[in-house]
Amino acid sequence: MTAMQAELDAYVAEVPNCAQRQAGPDPDCAVIAREIMLSHSTTDDVFTRICTGNELLSRVELARRKIRPLVENDKEPLEIELGTADYIFTFAAPFRYPKTSCGFLFRVDLEREHGTNAVATPFDSGGLVRHSRPLDTPTRRRAFLRQHELPVPGYRTYLEATIRVLYVSPWDYVEGKTPEAPGPIDLSDKNVRRWTFEVRFHRQLPLDQHLAAVFVPNAVSTKEWMKAQRVEWKQGGVDIIIFRVPRGGDAWPVLKSRGIAYVREYLEEQRDKQSN
C-alpha cells in the first residue's frame with residue numbers, strides 16, 4: 001500500500017485541482033471511507049439459492065459442492081485467468097453490477113471478522129480482461145492485479161485518500177459518478193467499476209452475520225419461501241427494502257438508485273452522530 005500511496009501522491013502533485021483538495025481535506029471523506037458498507041448483487045434465481053443455503057459461495061466452492069459447474073458450455077469464467085475463482089466479490093460501495101435484480105448490504109464489521117481471508121483492489125478485477133486492460137496477456141493481467149491488491153480492512157486508508165483527491169465531492173464516489181481526475185492507475189475503461197473498490201472474500205461468507213439490508217423486487221418478496229425468511233431477517237434487525245419494477249422493465253436501475261439512497265442516508269447518519 002505504501003507504493004500505491006506514493007504513486008497517488010506523485011500524481012496529485014502534478015494535478016492542481018487534486019493538490020488543492022489534498023491541502024484542504026473534506027471531513028466527509030473519512031466517514032465515507034470508514035463506514036461505507038459492502039454490497040453484493042445478483043439475479044433472482046441466484047438470490048434464492050443464496051438465501052436457501054444462507055451463505056455466499058465462490059465459483060470453485062459452488063463447483064466442489066456440485067451446485068454449479070466451474071466451466072459451462074466449454075467456457076471458463078474470467079476468474080480462472082485472474083486466479084480469483086475461489087473468492088466472493090463485493091464492492092465497498094452501493095450496488096454497481098448491472099443485469100442484477102436483488103442485493104445484499106453488509107456492515108463494515110464483516111471485514112474485521114473475515115479480513116484475514118480477504119483482499120481488496122481499487123478497481124473491479126473482472127473488468128481487467130475485457131475492458132480495462134484488454135491488450136495485456138493473461139500473465140500480465142494477473143501480475144497487474146497482484147500488484148494492486150490491498151489488505152482488508154487496511155485498504156480503507158487508501159480509499160479515503162483517493163476519494164479525497166480525485167473527486168469533486170467524496171459523495172460522487174458513493175453515487176457512482178466519474179471522478180474529475182482518473183488517478184495514476186493505468187486502466188482504459190471508463191465504466192464506474194473502474195474506480196470502485198472491490199473486496200474479495202475467500203471461498204464462503206455466512207449470510208446471517210453482519211447483514212444490514214436486503215433489496216428485493218416485489219415479485220421475489222411475495223414468493224412463499226420468502227415469508228419465513230423476511231420474518232427471520234426482521235427479527236435479526238435486517239432492513240428489507242422491497243421495490244416495484246415497471247411491467248416489462250429492468251430491475252437494475254431501481255436496485256441501483258435505492259441502494260445509493262440507502263447507503264448515502266446511512267453514511268450521513270454516521271457523520272451526524274460523530275459530529276455531535
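Attention now goes to the overall build of the protein. The helix and strand tally for the protein stands at 14 helices and 9 strands. In summary, the protein has a C-alpha radius of gyration of 19 Å against a globular reference of 19 Å for 276 residues, a match within 12%. Dimensions of the protein, computed from the C-alpha atoms along their principal axes, are close to 60 × 50 × 40 Å. Split into buried and exposed, the 276 residues of the protein put 49% on the buried side. The long-range share in the protein, meaning contacts at least 24 apart out of those at least 6 apart in sequence, stands at 82%.

For helix α9 (residues 138–147), the full list of buried residues reads Arg141, Phe144 and Leu145. Looking down the long axis of α9, one finds its buried residues gathered within 100° of arc, a one-sided arrangement. Residues of α9 that are exposed and point over 90 degrees away from its buried face: Thr139, Arg140 and Gln147. At its buried positions, α9 is contacted by α6 (78–82), β5 (118–121), α8 (127–132) and β6 (198–202).

Inspection of the secondary structure puts His114 in helix α7 (residues 109–114). Among all residues touching His114, those that are not within four sequence positions of it are Phe201, Leu205, Pro206, Gln209 and His210.

Here the focus is the packing of aromatic side chains. One pass over the full model with this rule turns up 11 aromatic pairs. Measuring from ring centre to ring centre gives 5.9 Å for Tyr167 and Tyr173, while their planes differ by 85°; the resulting arrangement is edge-to-face. Each member of the pair, Tyr167 as well as Tyr173, is classed as buried. Relative to Phe197, the ring of Tyr173 lies with its centre 6.5 Å away and its plane at 80°, an arrangement referred to as edge-to-face. Taken together, the residues Tyr173 in helix α11 (residues 171–174) and Phe197 in the loop between α11 and β6 connect sequence positions 24 residues apart. Taken individually, Tyr173 and Phe197 each receive the classification buried, so the pair is uniform in this respect. Linked through ring pairs, Phe47, Phe104, Phe106, Trp225 and Trp233 together constitute an aromatic cluster.

In this section: the packing of helix α4 (residues 44–53) against helix α13 (residues 224–235). Look at α4 against α13: their axes get within 12 Å of each other, and the N-to-C directions meet at 60°. Our classification of the angle between α4 and α13 gives oblique. Seen from above, α4 lies across α13 with left-handed handedness. Each of Phe47, Thr48 and Cys51 in α4 lies in contact with α13, whose residues at this interface are Trp225, Met226, Gln229 and Trp233. A breakdown of the residues in the contact of α4 with α13 according to their chemical character gives 5 nonpolar, 2 polar and no charged.

Further remarks concern the nonpolar core. Grouped together as the largest cluster of nonpolar side chains are 76 residues, with contacts concentrated most on Ile36, Phe47, Phe104, Tyr155, Tyr173, Phe215 and Trp233. In this structure, Trp233 is in contact with Phe47, Cys51, Leu211, Val214, Met226, Val238 and Ile240, ignoring residues within four places of it in sequence.

Following both chains from N to C, one finds helix α3 (residues 28–35) and helix α10 (residues 155–165) inclined at 140°, their axes separated by 9 Å at the closest point. Classified by the interaxial angle, the pair formed by α3 and α10 is oblique. The way α3 lies across α10 gives a crossing that is right-handed. In this structure, α3 uses Cys29, Ala30, Ile32, Ala33, Arg34 and Glu35 to contact α10, whose residues at the interface are Arg156, Leu159, Glu160, Ile163 and Arg164. A breakdown of the residues in the contact of α3 with α10 according to their chemical character gives 6 nonpolar, no polar and 5 charged.

Definitions and limits used
- Residues numbered from 1 in each chain as written.
- Predicted model: local features only at pLDDT ≥ 70, side-chain atom pairs only at ≥ 80, totals over all residues.
- Heavy atoms only, no water.
- Helix = DSSP H or I, 4+ residues; strand = E, 2+ residues; numbered from the N terminus.
- Rg over C-alpha atoms; globule rule 2.2 N^0.38 Å.
- Buried < 20%, exposed > 50% of the residue type's maximum accessible area, 1.4 Å probe, protein only.
- Contact = heavy atoms within 4.5 Å.
- Arc of directions from axis to C-beta.
- Phe/Tyr/Trp six-rings, centres within 6.5 Å; stacked < 30°, edge-to-face > 60°.
- Axes fitted to C-alpha atoms, helices over the stretch in contact; angles between N-to-C directions.
- Parallel < 35°, antiparallel > 145°, perpendicular 65-115°, else oblique.
- Left-handed = near helix turned anticlockwise from the far one by under 90°.
- Nonpolar A, V, L, I, M, F, W, Y, C, P; charged D, E, K, R; others polar.
- Core = buried A, V, L, I, M, F, W, Y, C linked by side-chain atoms within 4.5 Å.

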